Amino acid sequence: MLVNATRMLKLAHEGHYAVGHFNINNLEWTKAILLEAEAQKSPVILGVSEGAGKYMGGFKVVAAMVKALDESLGITVPVALHLDHGSYEGVKACIAAGFTSVMFDGSSLPFEENIAKTKELVDLAHDHGLSIEAEVGAIGGTEDGITADGEIADPEECAKIVALGVDFLAAGIGNIHGIYPKDWTGLHIDALEKIQKATGGIPLVLHGGTGIPDDQIKAAIAGGMSKINVNTDCQLVFAEATKEYCLAGKADPTADNKSKGYDPRKLLKPGFEAIRAKVKEKMELFGSVGKAA
Ligand code: 13P
């Protein structure tokens, strides 16, 4: 069932677990995540970056695909279709396309501009029944070709953005997109405590969910992180499973079995299964299994 993410994250925050946000890139990823969420009776958020939206043919295509898959697979758990790191224009396009949730990432703008644009988009999203995530303090790493240094959000700035009526907030606490460098110092749980206190208990969002040790994930959830974004982990297992399939000679066009190896349904199946397994692992770690309501 497609819904906005407000209620599922409020319940997660109150229940001290987190809902997984898994980025989608194609039909196979979407189907794998939806089926696993249903199997685990877990709420789930499907994240779409602007680059992935473009790749899939545009936000309207994505919204139509997700809605139709959700219906035809008989998914009963709450599913939010969420724009990840949206621009001002991207948020408006996703509202028009039928997404149920958006993120406006104004973290690279001067703070006053971030405030003004976030305010406008909060009102627009709410008028259309969508939930909206905002961001303070850039998350480090590379996302859609944009690289930012790891940052720790200023609790006062977080409080100002939250006062605009955003439903959940991405606040940097030393997290980084992609693979963490060897000398990474870990999440700053002390900073998280200050941010959560300053924002009056709003659900917080942890980006860069790949590669954070399990004990730190648990500490972050206990500190108020109620949505955890995962992308690279799914990319890695998908690539690994596809590589193994190819190395086993099953997709070799020069091999004798070429009639079998060419079938994309077979080629993509190991990656599909690997994503399901990864999503299950994360839902168990985040504590969202059985929490569909
Ligand atoms: P990772 O790619 O590090 O899992 O981060 C995903 C993310 O935060 C998407 O917004």
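Only a predicted model underlies this, so the values are computations on that prediction, with no experimental measurement involved. (Residues numbered from 1 in each chain as written. Predicted model: local features only at pLDDT ≥ 70, side-chain atom pairs only at ≥ 80, totals over all residues. Heavy atoms only, no water.)

**Looking at the overall build of the protein**
In step 1: Counting secondary structure elements, the protein contains 13 helices and 10 strands.
In step 2: The buried share among the 293 residues of the protein stands at 54%.
In step 3: Within the protein, contacts between residues at least 6 apart in sequence are counted, and of these 71% link residues at least 24 apart.
In step 4: A total accessible area of about 12,600 Å² is found for the protein, and carbon and sulfur atoms account for 56% of it.
In step 5: For the protein, the distance from the average site of its 28 positive side-chain charges to the average site of its 39 negative ones is 8 Å. (Helix = DSSP H or I, 4+ residues; strand = E, 2+ residues; numbered from the N terminus. Buried < 20%, exposed > 50% of the residue type's maximum accessible area, 1.4 Å probe, protein only. Contact = heavy atoms within 4.5 Å. Areas by Shrake-Rupley, 256 points an atom, 1.4 Å probe, with all protein chains shown as cover. Lys, Arg positive; Asp, Glu negative; His and termini not counted. Charge placed at Lys NZ, Arg CZ, Asp CG, Glu CD.)

**Some points on the pairing of strand S1 (residues 19-23)**
In step 1: In terms of burial, S1 is a largely internal element, five of the five residues being buried.
In step 2: Along S1, one buried face is formed by Val19, His21 and Asn23 and the opposite face, lined by Gly20 and Phe22, is buried too.
In step 3: Pairing of S1 with strand S10 (residues 225-230), which is carried by four bridges, proceeds in the parallel orientation. Looking at S10, one finds that Phe22 is bridged to Val230.
In step 4: Bridge count for S1 against strand S2 (residues 44-49) is three bridges, and the pairing is parallel. Residue pairing across strands places Phe22 opposite Leu46, the latter belonging to S2.
In step 5: With respect to chirality, the unit in which S1 leads through helix H2 (residues 27-40) into the neighbouring parallel S2 is right-handed. (Pairing = 2+ DSSP bridges. Right-handed = clockwise from strand over helix to strand, strands pointing away.)

**Looking at helix H1 (residues 6-15)**
In step 1: Of the residues making up H1, those classed as buried are Met8, Leu9, Ala12 and His13. Mapping the buried residues of H1 onto a view down its axis gives an arc of 135 degrees, with all of them on the same face.
In step 2: On its buried face, H1 sits against S1, S2, strand S3 (79-86), strand S8 (168-171), helix H8 (189-198) and S10.
In step 3: Trailing H1 by a residue or two, His16 shows a phi angle of about 60 degrees, which is positive. (Arc of directions from axis to C-beta.)

**Looking at the sheet that holds S10**
In step 1: The strand order around the closed barrel built from eight strands is S1-S2-S3-S4-S5-S8-S9-S10, with neighbouring strands paired in parallel fashion. Sheet twist, expressed as the mean angle between neighbouring strand axes with direction ignored, is 25 degrees.
In step 2: Two elements, strand S4 (residues 101-104) and strand S5 (residues 131-136), share four bridges in a ladder whose sense is parallel. Following the sheet pairing, Ser101 is matched in S5 by Ser131. (Axes fitted to C-alpha atoms, helices over the stretch in contact; angles between N-to-C directions.)

**Here we look at the state of the cysteines**
In step 1: Within the structure shown, the criterion is met by zero disulfides.
In step 2: Cys94 forms no disulfide, and the closest cysteine sulfur to it belongs to Cys234, at a distance of 20 Å.
In step 3: With no disulfide partner, Cys246 has as its closest neighbouring cysteine sulfur the one in Cys234, 19 Å distant. (Disulfide = S-S within 2.5 Å.)

**Brief notes about the packing of helix H10 (residues 232-247) against helix H13 (residues 269-286)**
In step 1: Contact pair H10 / H13: the axes reach a minimum separation of 8 Å and the direction vectors enclose 145 degrees. Classified by chirality, the crossing of H13 by H10 is right-handed. Residues Asp233, Cys234, Val237, Phe238, Ala241 and Tyr245 of H10 touch H13, and the partners they reach there are Pro270, Gly271, Phe272, Ala274, Ile275, Lys278 and Lys282.
In step 2: Among the residues forming the contact of H10 with H13, the class breakdown is nine nonpolar, one polar and three charged. (Left-handed = near helix turned anticlockwise from the far one by under 90°. Nonpolar A, V, L, I, M, F, W, Y, C, P; charged D, E, K, R; others polar.)

**Comments concerning the side chain of Gln216**
In step 1: Inspection of the secondary structure puts Gln216 in helix H9 (residues 214-222).
In step 2: Every residue in contact with Gln216, bar those within four places of it in the chain, is listed here: Trp184, Gly186, Leu187 and Ile189.

**Quick notes on the site of the ligand**
In step 1: Surveying the vicinity of the ligand reveals 14 residues, the closest of which are Asp84, Gly178, Gly208, Thr210 and Thr232.
In step 2: Here an oxygen atom of the ligand and a side-chain polar atom of Thr210 are 2.6 Å apart.
In step 3: Protein coverage of the free-state accessible area of the ligand, which is 310 Å², stands at 99%.
In step 4: The set of elements that each furnish at least two residues to the shell around the ligand consists of S3 and S10.
In step 5: When the residues that make up the shell around the ligand are grouped by side-chain class, the tally is one nonpolar, 11 polar and two charged. (Near = heavy atom within 4 Å. Polar contact = N/O pair within 3.5 Å; in protein donor to acceptor, adjacent residues only side chain to side chain.)

**Side note on the nonpolar core**
Considering soluble globular proteins, one finds that nonpolar side chains tend to be buried as a cluster.
In step 1: The biggest cluster of nonpolar side chains holds 74 residues, and the ones touching the most others in it are Phe99, Val102, Ile161, Leu169 and Leu206.
In step 2: What Leu206 contacts, discounting residues up to four positions off in sequence, is Ile173, Asn175, Leu187, Ile212, Ile217, Ala220, Met225, Lys227, Ile228 and Asn229.
In step 3: Residues Ala5, Met8, Val19 and Ile45 belong to the second largest nonpolar core, which totals 12 residues. (Core = buried A, V, L, I, M, F, W, Y, C linked by side-chain atoms within 4.5 Å.)

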